[in-house]
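# Report on the structure
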Amino acid sequence: MARHEVNYLKNSGIPIALTTIDSLLNWGRSNSLWPLTYGLACCAIEMMAAGGSRFDFDRFGTIFRASPRQSDVMIIAGTVTKKHAEFTRRLYDQMPEPKWVISMGSCANTGGMFNTYATVQGVDRIIPVDIYLPGCAPRPETLQYALMVLQKKIRKQKAFKKTPPKRLV
Ligand code: SF4
């Protein structure tokens, strides 16, 4: 019977991949970001378009969830009113750690054109934000880019390091 022997040293090296636990965990986390389905105003239309077949978030492992308990990314898409701020904070608190926030559009970033008594002048006053995405409204491509920037950020993190609470404005 023929014997097939592989000479690893002669042919393309030893078939072992060396990596760190950090890299492995962060690779998994960054490639399975599940955003909370959470649109607040017109920016949410662009967010929905990003999830559609043309832009196809699924290929990044990014699948929108309907529950904060299954989500690790909150995309604030639209104007946050003071009436709604309490619910936004509660949903953020219900998400398991580790979790990240993308603020999508000028309204979420700064209140946008709504410099009024009823509008939160930046969602970072109630929850910590990781990525600010400018524009009114940002296109789905830019939301995809923001997600890729977030993936890069996650891959650089220490998986087991206790991070201090993120600062609010
Ligand atoms: S930034 Fe522009 S598109 Fe987005 S919620 Fe505000 S007004 Fe609407």
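These figures come from a predicted structure and were not determined experimentally.

## Points about the packing of aromatic side chains
Tallied over the full model, the rule gives two aromatic pairs. Between Phe57 and Phe60 the ring centres are 6.3 Å apart and the planes differ by 85°, which places this aromatic pair in the edge-to-face class. Directly above the aromatic system of Tyr92 lies the positively charged group of Lys99, at a separation of 4.3 Å from the ring centroid.

## Some words on the pairing of strand S2 (residues 73-77)
For S2, a buried count of five out of five residues is recorded, marking the element as mostly surrounded by other parts of the structure. Here S2 shows two buried faces, one formed by Val73, Ile75 and Ala77 and the other by Met74 and Ile76. Assessed by its sense of winding, the connection that carries the chain from strand S1 (residues 35-36) through helix H2 (residues 43-51) to S2 is left-handed. As judged from the five bridges shared by S2 and strand S3 (residues 100-104), these two strands associate in the parallel manner. Each bridged residue has a counterpart across the sheet, and for Ala77 the counterpart in S3 is Met104.

## What about helix H5 (residues 140-155)?
Helix length check: H5, at 16 residues, gives a terminal C-alpha distance of 23 Å against a target of 22 Å (1.5 Å per residue), a fit within 8%. Every buried residue of H5 is listed here: Pro140, Leu143, Gln144, Ala146, Leu147, Leu150, Gln151 and Ile154. Viewed end-on, H5 has its buried residues packed into an arc of 155°, placing them on one side of the element. Seen from the open side of H5, the exposed residues pointing more than 90 degrees away from its buried face are Tyr145 and Lys152. Looking at the buried side of H5, the elements it contacts are helix H1 (21-30), H2, S2, S3 and strand S4 (131-133).

## As for the pairing of S3
Burial within S3 is extensive, with five of its five residues counted as buried. Where burial is concerned, the two faces of S3 agree: the one with Trp100, Ile102 and Met104 and the one with Val101 and Ser103 are both buried. Between S2 and its parallel partner S3, the chain crosses via helix H3 (residues 82-94), and the hand of that crossover is right-handed. Pairing of S3 with S4, which is carried by three bridges, proceeds in the parallel orientation. Bridge assignment links Ile102 to a residue of S4, and that residue is Ile131.

## Examining the sheet that holds S3
Ordered by their spatial adjacency, four strands build an open sheet running S1-S2-S3-S4, and the pairing between neighbours is parallel. At either end of the open sheet lies a strand with only one pairing partner, and these are S1 and S4. Across the sheet, H3 is in contact with S1, S2 and S3; its angle to S2 comes to roughly 160°. Of the strands in this sheet, S2, S3 and S4 are in contact with H5, which crosses S3 at around 155°.

## Here's the deal with the environment of Val129
Looking at the secondary structure, you find Val129 in the loop between helix H4 (106-110) and S4. Accessibility expressed as a relative area gives 15% for Val129, which makes it buried. What Val129 contacts, discounting residues up to four positions off in sequence, is Val101, Ser103, Val123 and Asp124.

## Here's the deal with a nonpolar patch on the surface
Nonpolar side chains collect at one region of the surface, where Ile21, Leu25 and Phe160 lie side by side and expose about 320 Å² of accessible area between them. For Leu25, the position within the fold is in helix H1. By relative accessible area, Leu25 is classed as partly exposed at 30%.

## Quick look at H3
Counted at 1.5 Å a residue, the expected span for H3 with its 13 residues is 18 Å, and the 19 Å between its end C-alpha atoms agrees. Buried residues in H3 make contact with S2 and S3.

So, how was this worked out
- For every chain, the first residue of its written sequence is number 1, and the numbers climb from 1 along that sequence.
- In keeping with the predicted nature of the model, local features appear solely for residues at pLDDT of at least 70, side-chain atom pairs appear and are counted solely at 80 or more, and the whole-chain, interface and lining totals rest on all residues.
- Hydrogens and waters are ignored; side-chain quantities use all the structure's heavy atoms.
- In this analysis, rings of Phe, Tyr and Trp, with Trp reduced to its six-membered ring, are considered paired at centre separations within 6.5 Å, and the interplanar angle assigns stacked below 30 degrees, edge-to-face beyond 60, and tilted for intermediate values.
- In this analysis the charged atom, NZ for Lys or CZ for Arg, is taken to sit over a ring once it is within 6 Å of the ring centre and within 35 degrees of the ring normal.
- Only protein chains enter the accessibility calculation, which uses a 1.4 Å probe. A residue is then buried if its area is under 20% of the maximum for its type, exposed if over 50%, and partly exposed in between.
- Note on conventions: DSSP H or I runs of at least 4 residues are helices, E runs of at least 2 residues are strands, and numbering of each starts at the N terminus.
- Every crossover in which the path from the first strand over the helix to the second runs clockwise, viewed with the strands pointing away from the viewer, is termed right-handed.
- Here a strand pair is declared whenever DSSP counts at least two bridges between the two strands.
- Take the residue count of a helix, subtract one, and multiply by 1.5 Å to get its expected span.
- Our arc is simply the arc of the directions from the helix axis toward the C-beta atoms.
- Residues count as neighbours in contact if any of their non-hydrogen atoms are within 4.5 Å of one another.
- Every axis corresponds to a line fitted to the C-alpha atoms, with the helix fit spanning only the stretch in contact, and the corresponding angles, defined between N-to-C directions, vary from 0 to 180 degrees.
- Residues qualify for a patch when their relative accessible area is over 30% and they have no salt bridge, like charges being joined within 9 Å and the nonpolar side chains of Val, Leu, Ile, Met, Phe, Trp and Tyr within 5 Å.
- Per-residue accessibility takes into account occlusion by the displayed protein chains alone, with areas from the Shrake-Rupley method and a 1.4 Å probe.
- Throughout this description, the term salt bridge denotes a Lys or Arg side-chain nitrogen within 4 Å of a carboxyl oxygen of Asp or Glu.

Remember, this is a structural readout, not a statement about activity or role.
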